[in-house]
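Chain residues, written in single-letter form:
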Amino acid sequence: ILSCVRADAVVFNSAWHRDDFQRAAIELLGKLPKPNPRVDLLARLEEAAVVSPGVETESIPLGCGGDGPLRVAFNHRWEHDKDPRTFLSACAEAIRAGCKLELVLLGERFATTPPGLEGPLAELAPYLVHEGYAPDRATYAALLGASDIVASTALHEFFGMAVAEGLAAGCTPLVPNRLAYPEVLGEGMSSHLYED
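Given the structure is predicted, the values throughout are model-derived calculations rather than measurements.

**Q** What's the story with helix α3 (residues 38-47) in this structure? I'm lost.
**A** Owing to its 3.6 residues per turn, the α-helix brings residues three or four apart onto one side. Of all the positions in α3, only Leu 41, Arg 44 and Leu 45 are classed as buried. Down the axis of α3, the sector holding all buried residues measures 100 degrees, keeping them to one side. The outward face of α3, more than 90 degrees from its buried face, is lined by the exposed residues Val 39, Glu 46 and Glu 47.

**Q** Sorry if this is basic, but what is going on with the sheet that holds strand β5 (residues 128-131) here?
**A** In a beta sheet, neighbouring strands pair by backbone hydrogen bonds and run either parallel or antiparallel. Strand order in the open sheet formed by six strands is β5-β4-β3-β6-β7-β8, and the pairing between neighbours is parallel. Because the sheet does not close on itself, it has two edges, and the strands there are β5 and β8 (193-194). The pairing of strand β4 (residues 101-105) with β5 spans three bridges and is classified as parallel. The residue of β5 that forms the bridge with Leu 103 is Leu 128. The sheet contacts of helix α7 (residues 161-168) involve β6 (149-151) and β7 (172-176), and relative to β6 the element is tilted by about 175 degrees.

**Q** What should I look at first to understand the pattern of salt bridges in this one?
**A** Across all of its chains, the model carries 12 salt bridges by this definition. Here Arg 18 and Asp 19 are joined by a salt bridge, their closest N and O atoms 3.0 Å apart. Of the charged contacts, one joins Asp 20 and Arg 23 as a salt bridge, the two residues approaching to 3.8 Å between their closest N and O atoms. Of this pair, Asp 20 and Arg 23 are both found in helix α2 (residues 15-30), three residues apart, which corresponds to roughly one turn of the helix. Using a relative accessible area of 24% as the deciding quantity, one classes Asp 20 as partly exposed.

**Q** I would appreciate a short explanation of the packing of α2 against α3 in the present structure.
**A** When two helices pack together, their arrangement is captured by the angle between the axes and the distance separating the axes. Running from N to C, α2 and α3 point in directions that differ by 175 degrees, and their axes come no closer than 11 Å. In terms of orientation, α2 lies roughly antiparallel with respect to α3. Seen from α2, the contacting residues are Arg 18, Phe 21, Gln 22, Ala 25, Ile 26, Leu 29 and Gly 30; seen from α3, they are Arg 38, Leu 41, Leu 42, Leu 45 and Glu 46. Split into classes, the residues belonging to the contact of α2 with α3 amount to seven nonpolar, two polar and three charged.

What counts, and where the lines are drawn
- Residues numbered from 1 in each chain as written.
- Predicted model: local features only at pLDDT ≥ 70, side-chain atom pairs only at ≥ 80, totals over all residues.
- Heavy atoms only, no water.
- Buried < 20%, exposed > 50% of the residue type's maximum accessible area, 1.4 Å probe, protein only.
- Helix = DSSP H or I, 4+ residues; strand = E, 2+ residues; numbered from the N terminus.
- Arc of directions from axis to C-beta.
- Pairing = 2+ DSSP bridges.
- Contact = heavy atoms within 4.5 Å.
- Axes fitted to C-alpha atoms, helices over the stretch in contact; angles between N-to-C directions.
- Salt bridge = Lys/Arg side-chain N within 4 Å of Asp/Glu carboxyl O.
- Parallel < 35°, antiparallel > 145°, perpendicular 65-115°, else oblique.
- Nonpolar A, V, L, I, M, F, W, Y, C, P; charged D, E, K, R; others polar.

This is the structure:
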């Protein structure tokens, strides 16, 4: 908060990020004794710019999608805030209901991943085209470009770079109607936002 007040300029990567920061800062400052930098902070946030990060489209050539079953990419980190468990559960449910899917799991995994993923991964093993962090940018781009859909189940996301990269590769988005996704996709793509 103090950095924001003292900075020469304040920039956020989405209006959602700016508004979320403002809500959290006001809540925190409301708990502090007076005087506090609340007035200065609010003025700075009113002046704050929103500059969306770009995607290096040269490194992600437009793909042609999959050639068979619907190919769904999940290219997010495998951490709690990206909610891979919900993604895997939804895919397993769709397959059990008769959908023909192939899955491309590209997200980076760390030493500690959310618990309970082993069972769903084992169930989905026959449908995995790729599982794991791509060894290089070219492989990542090729796998993304060979996908039809880029999906997100994120619980926390300031912009959605993974989805933006999927869009650059020619994927159709399937993302939650929350966080920065409505802003990133725009009104013309609101049919690609899901509620539940």
